[in-house]
Amino acid sequence: MNPTVDTDLLVIGGGISGAGVALAAARRGLRVTLVEREDFASGASSASSKLVHGGLRYLAQGAVHLTAQSLRERERLLRELPGLVQRLPFSLAAGGAASRASTALGLRLYDALARRHARGFDPATTLAWTVPGWHAPQGAHRYDDATTDDARLTLRVLQEARTWGAQLHNRTALEALTRDAQGHVNGAQLRGPGGQPWTLRCRASVAATGAHLTTLADQVGLQAPQLRPLRGSHLLLPLWRLPLARAVAWRHARDGRPVFAYPWLGTLIVGTTDEDHPDPERAPRITAAEQAYLLDALAQAFPRAGIQACDLQCTWAGLRPVLDSGQGLAPSQERRDTLVQASQGLVLLSGGKLTTFIPMAEAALRAAAPWLPPLREPAHAAWFAGGGTPLPPEALRGECLGGTQTRMGEIAWSLQHEQVHHLDDLLLRRTRLGLRQPAFAQALLPALQTPCQSALGWDGTRWRFEVERYLALMHERHGVVGPERRAAPKPGPIPSGDRPAHAPGEGRTAS
Ligand SMILES: Cc1cc2nc3c(=O)[nH]c(=O)nc-3n(C[C@H](O)[C@H](O)[C@H](O)COP(=O)(O)OP(=O)(O)OC[C@H]3O[C@@H](n4cnc5c(N)ncnc54)[C@H](O)[C@@H]3O)c2cc1C
């Protein structure tokens with residue numbers, strides 16, 4: 001082994017998978033360095049449906065192992081992160097007698113795998129009280145799952161990894177891997193946020209770049225298994241527009257796919273779609289057809305609510321890193337398995353789910369173990385020794401902003417401690433103000449100028465660039481399709497394409 005390495009394990013990608021690997025390795029005594037080319041959690045890990053779930057529909061596909069593992073993980077995360085992962089009661093619209101019997105059987109297994117009893121059945125007369133306005137004439141099955149703030153969960157995992165000594169580098173891209181004479185990966189060429197190149201020597205590396213795994217493999221000359229990036233889009237409404245107290249799920253009349261709506265941090269999430277998105281480097285956004293599909297789903301389930309595009313607050317889309325079965329299946333039929341492939345000091349990790357990041361991380365670490373120093377027994381059985389509080393007490397100072405639970409103290413804390421490089425890092429991922437309250441977040445911008453400038457050393461030109469970049473992102477990536485577009489007024493032109501260009505005063509950034 002090379003004693004002169006800078007780090008034992010290099011982790012590429014700061015989504016939930018990379019964050020999990022960094023934590024798994026750091027708590028077992030390894031020196032870990034993680035690099036993220038854009039912002040922590042800026043990929044699928046902030047654009048998911050935000051469910052911590054077993055996946056009832058995966059059970060229907062026969063994926064019992066995945067469901068059992070996901071349910072165990074759901075229960076673990078509920079136990080260890082009570083402030084961040086919360087139980088969510090679900091009602092699933094019942095179909096005819098045959099489907100009702102098979103769903104009841106599935107829920108019995110779901111409960112057994114989770115070792116709890118949550119299932120039940122509500123006739124339509126009960127639903128009239130519990131979910132007023134829901135058109136579910138055959139009644140609904142009751143069960144429960146859980147929900148989280150996906151970006152905050154990822155940041156919380158990174159925070160925990162850092163307490164174990166992991167080095168985290170935001171806005172730092174892997175550009176190339178270096179290898180020794182035998183072809184073993186022994187380092188990487190990286191590019192930091194100011195465009196500065198640097199080289200890192202490592203014993204092994206894990207590439208956890210989600211849907212970008214194929215891009216990375218091409219970049220470093222590797223054979224990687226075929227991924228099938230699948231875009232999933234969501235609508236977000238103010239909760240008062242359709243005040244649900246629980247999650248509801250039903251089959252879309254058009255294609256029979258399950259769709260859902262549920263209350264999340266004072267808003268209502270409606271999702272989701274499953275569409276091929278062959279070029280993962282093209283930033284995903286909702287299409288007019290997907291928006292119409294989800295609005296149709298709402299009209300079918302809540303006909304009297306009359307929800308239209310003008311009611312929407314914002315939208316988002318993410319890319320599922322799904323392994324391509326090569327069988328030409330419909331997107332929703334592809335299995336959500338995990339990929340762990342190891343060769344010559346490099347582990348490729350992709351697929352899987354937000355919910356299963358811990359077993360994924362453990363599998364990646366096991367695969368990298370032959371090239372690493374012996375792993376120590378972790379000091380605690382719990383993964384989150386600090387408990388479930390996602391933020392320290394000093395972040396909870398000041399008044400709640402815009403009817404959300406975000407406070408000025410959290411903004412100040414994030415600016416100081418969470419490697420914020422752009423305004424959108426702060427408003428879309430450290431806090432979710434931009435999604436939860438787009439108009440309020442925009443009105444708040446003048447109040448954020450001084451804290452951002454003093455914490456991040458931005459001058460007036462940089463501040464104006466950041467505001468323009470943020471508004472452009474809100475419009476391009478989170479806006480509502482059509483003339484009713486409301487999430488943000490259309491800003492002036494931004495420098496280029498899908499990703500805003502680098503900020504004034506910075507070199508070429510990785511983003
Ligand atoms: C629409 C949708 C809904 C979903 N819903 C759920 C759900 O409800 N529950 C659930 O459990 N799971 C859900 N998932 C799945 C889950 O979100 C993903 O499996 C998970 O977030 C993937 O995490 P990741 O870290 O592998 O990928 P990502 O979060 O995409 O992270 C990969 C990171 O690698 C970075 N990167 C890429 N190239 C480089 C490079 N060269 N150098 C450095 N960094 C690089 C990227 O910038 C990115 O941040 C959903 C996914 C989608 C898209």
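Residues numbered from 1 in each chain as written. Predicted model: local features only at pLDDT ≥ 70, side-chain atom pairs only at ≥ 80, totals over all residues. Heavy atoms only, no water.

### Topic: the overall build of the chain
Here is the rule we go by: Secondary structure follows DSSP: runs of H or I at least 4 residues long count as helices, runs of E at least 2 residues long count as strands, and numbering of each begins at the N terminus. With a 1.4 Å probe rolled over the protein chains alone, any residue whose accessible area is under 20% of its type maximum counts as buried; one over 50% counts as exposed, and the rest are partly exposed. For this analysis, residues touch if any pair of their heavy atoms sits within 4.5 Å. Here the open area of atoms and residues is found with the Shrake-Rupley method and a 1.4 Å probe, where only the protein chains shown may cover a residue. Charged-residue counts in this description rest on Lys and Arg as positive and Asp and Glu as negative, His and the chain ends being excluded. Every charge is mapped to an atom, namely NZ of Lys, CZ of Arg, CG of Asp or CD of Glu.
Counting its regular elements, the chain contains 14 helices and 18 strands. A buried classification covers 57% of the 511 residues belonging to the chain. Expressed as a percentage of contacts within the chain between residues at least 6 apart in sequence, the contacts between residues at least 24 apart total 72%. As presented, the chain carries roughly 20200 Å² of accessible surface, and 53% of it is formed by carbon and sulfur atoms. For the chain, the distance from the average site of its 56 positive side-chain charges to the average site of its 45 negative ones is 4 Å.

### Some remarks on the side chain of Glu80
For clarity, the threshold we go by: Salt bridge, as used here, is a side-chain nitrogen of Lys or Arg placed within 4 Å of a carboxyl oxygen of Asp or Glu. Pairs of N or O atoms within 3.5 Å make up the polar contacts considered here, provided that, within protein, one atom can donate a hydrogen while the other can accept it, and that residues adjacent in sequence are counted only when both atoms are side-chain atoms.
Secondary-structure assignment places Glu80 in helix α3 (residues 64–80). Buried charge without a salt bridge: Glu80, with Arg76 as the nearest opposite-charge side chain at an N-O distance of 4.7 Å. A polar contact is formed between the side chain of Glu80 and the backbone nitrogen of Trp383, at a distance of 2.8 Å. Of note is the side chain of Glu80, whose polar atom sits 2.9 Å from the backbone nitrogen of Phe384.

### With respect to the pairing of strand β6 (residues 140–148)
Our working definition: Strand pairing requires that DSSP identify at least two bridges connecting the strands.
Of all 9 residues in β6, 8 are buried, a share of seventy percent or more. Bridge count between strand β3 (residues 51–52) and β6: 2 bridges; the pairing is antiparallel. Bridge pairing links Val52 to Ala146 in β6. Pairing geometry for strand β4 (residues 85–93) and β6, over 9 bridges, is antiparallel. From the neighbouring strand, Gln86 faces β6, where its bridge partner is Thr147. Looking at chain direction, strand β5 (residues 120–122) and β6 are connected through 3 bridges and run antiparallel. If you follow Asp122 over to β6, its bridge partner there is Ala140.

### What to know about the nonpolar core
The following threshold applies: For our purposes a nonpolar core is just a set of buried Ala, Val, Leu, Ile, Met, Phe, Trp, Tyr and Cys residues, chained together by side-chain atoms within 4.5 Å.
Ranked by size, the top nonpolar core spans 45 residues in total, and within it Leu9, Val21, Val32, Leu77, Val85, Phe357 and Phe384 carry the most contacts. Residue assignment for this core shows that the elements contributing at least two residues are β1 (7–12), α1 (16–26), β2 (32–35), α3, α6 (150–163), β10 (197–207), β18 (346–351) and α9 (357–368). Once you skip the residues sitting within four places of it in the chain, Val85 turns out to touch Val52, Leu77, Leu78, Ala146, Thr147 and Thr148. Among the nonpolar cores identified, the runner-up in size contains 42 residues, and Leu415, Leu427, Leu448 and Cys452 belong to it.

### So, the domain arrangement of the chain
The following threshold applies: Each domain's extent was defined by an automatic or database domain assignment. Buried area is calculated as the accessible area (1.4 Å probe) missing from two parts once they are joined, with the contributions of both summed.
The domain architecture assigned to the chain consists of domain 1 (7–44 + 152–226 + 335–371), domain 2 (86–145 + 230–320) and domain 3 (394–478). Relative to domain 3, the C-alpha centre of domain 1 lies at a distance of 28 Å. Listed as interface residues are 13 residues of domain 1 and, on the opposing side, 13 residues of domain 3. Surface buried jointly by domain 1 and domain 3 totals about 1000 Å² across both partners, of which 37% is contributed by carbon and sulfur atoms. By the criterion of area lost to domain 3, the three top residues of domain 1 are Asp39, Arg152 and Arg171, representing 47% of everything that side buries. Here domain 1 is connected to domain 3 by 4 salt bridges. Notably, a salt bridge pairs Arg171 with Asp425, separated by 2.5 Å at the nearest N-O pair.

### With respect to the site of the ligand
Put simply, the rule reads: Think of it this way: one heavy atom of a residue within 4 Å of a molecule or strand is enough to make that residue near it.
Contacts to the ligand come from 36 residues, most closely from Ser17, Glu36, Ser45, Leu51 and Thr355. With respect to the ligand, the side chain of Ser17 contributes an N or O atom lying 2.7 Å from an oxygen atom. Within the backbone of Gly352, one N or O atom sits 3.3 Å away from an oxygen atom of the ligand. Isolated, the ligand exposes 1000 Å² of accessible area, and the fraction of that covered by the protein chains is 96%.

### Regarding unusual backbone geometry
Cis geometry marks the peptide bond from Gly271 to Thr272; its omega dihedral reads -15 degrees. Tracing the sequence through the fold places Thr272 in the loop between β14 (267–271) and β15 (275–276). Positive phi, close to 65 degrees, is recorded for Ala41, a residue that is not glycine. With respect to the helices and strands, Ala41 occurs in the loop between β2 and β3.

### What to know about the packing of helix α11 (residues 423–430) against helix α13 (residues 438–456)
Counted only if it meets this: All axes are obtained by fitting lines to C-alpha atoms, using only the stretch in contact for helices, and the reported angles, taken between N-to-C directions, cover 0 to 180 degrees. For a crossing to be left-handed, the near helix must be turned anticlockwise from the far one by less than a right angle; the clockwise case is right-handed. Residues are grouped as follows: Ala, Val, Leu, Ile, Met, Phe, Trp, Tyr, Cys and Pro are nonpolar; Asp, Glu, Lys and Arg are charged; all remaining types, including Gly, are polar.
The contact between α11 and α13 brings their axes to 11 Å, and the two run at 115 degrees. Crossing of α11 over α13 shows right-handed handedness. Side by side, α11 and α13 meet where Leu423, Leu426 and Leu427 of the first sit next to Leu445, Leu448 and Cys452 of the second. A per-class count over the contact of α11 with α13 returns 6 nonpolar, no polar and no charged.

### Considering empty space enclosed by the protein
So the rule is basically this: Of the two site types, the cavity is a set of points on a 1 Å grid over the protein atoms alone where a 1.4 Å probe fits but cannot get out, and the pocket is an open set with protein on both sides within 12 Å along at least five of seven lines, each lined by residues with an atom within 4 Å of a point. Grid points are joined across faces, edges and corners, and a volume is the space filled by probe spheres set on the points.
Within this structure, the stated rule accounts for 2 cavities of 30 Å³ or more. Here the largest cavity defines a volume of roughly 90 Å³. Forming the boundary of the largest cavity are Phe40, Leu155, Leu158, Gln159, Arg162, Leu168, Trp413, His417, Glu418 and Gln419. Elements that contribute at least two residues to the lining of the largest cavity include exactly α6 and α10 (408–417). Among the elements that line the lining of the largest cavity, the one with the most residues is α6, at 4 residues. Taken together, the residues that form the lining of the largest cavity break down as 5 nonpolar, 3 polar and 2 charged. There are two domains that each give the lining of the largest cavity at least three residues, and those are domain 1 (7–44 + 152–226 + 335–371) and domain 3 (394–478).

### A word on the state of the cysteines
Where we set the bar: For the purposes of this analysis, a disulfide is any pair of cysteine sulfur atoms at a distance within 2.5 Å.
Enumeration according to the criterion identifies 0 disulfides in this entry. Left unpaired, Cys400 is separated from the closest cysteine sulfur, that of Cys452, by 19 Å.

### Describing the UniProt feature "domain: FAD dependent oxidoreductase" (unreviewed entry) in the chain
Worth spelling out the cut-off: UniProt positions are given in the numbering used here, feature names are shortened, and annotations may be inferred rather than shown by experiment.
Under the present numbering, the feature "domain: FAD dependent oxidoreductase" (unreviewed entry) in UniProt falls on residues 8–351. End C-alpha atoms of residues 8–351 are separated by 24 Å, and the span's content is 27% helix alongside 33% strand.

### Looking at the packing of α11 against helix α14 (residues 460–478)
Two measures define how a pair of helices packs: the angle their axes make with one another and the distance between the axes. Filter applied, for reference: By the definition adopted for this analysis, an angle is roughly parallel if under 35 degrees, roughly antiparallel if over 145, roughly perpendicular if from 65 to 115, and oblique otherwise.
Their axes nearest at 8 Å, the elements α11 and α14 cross at an angle of 45 degrees. Judged on the interaxial angle alone, α14 and α11 are oblique. Taken together, the residues of α14 that come into contact with α11 (itself represented by Leu423, Asp424, Leu427 and Leu428) are Trp463, Glu466, Val467, Arg469, Tyr470, Leu473, Met474 and His478. Class assignment of the residues belonging to the contact of α11 with α14 gives a composition of 8 nonpolar, 1 polar and 3 charged.

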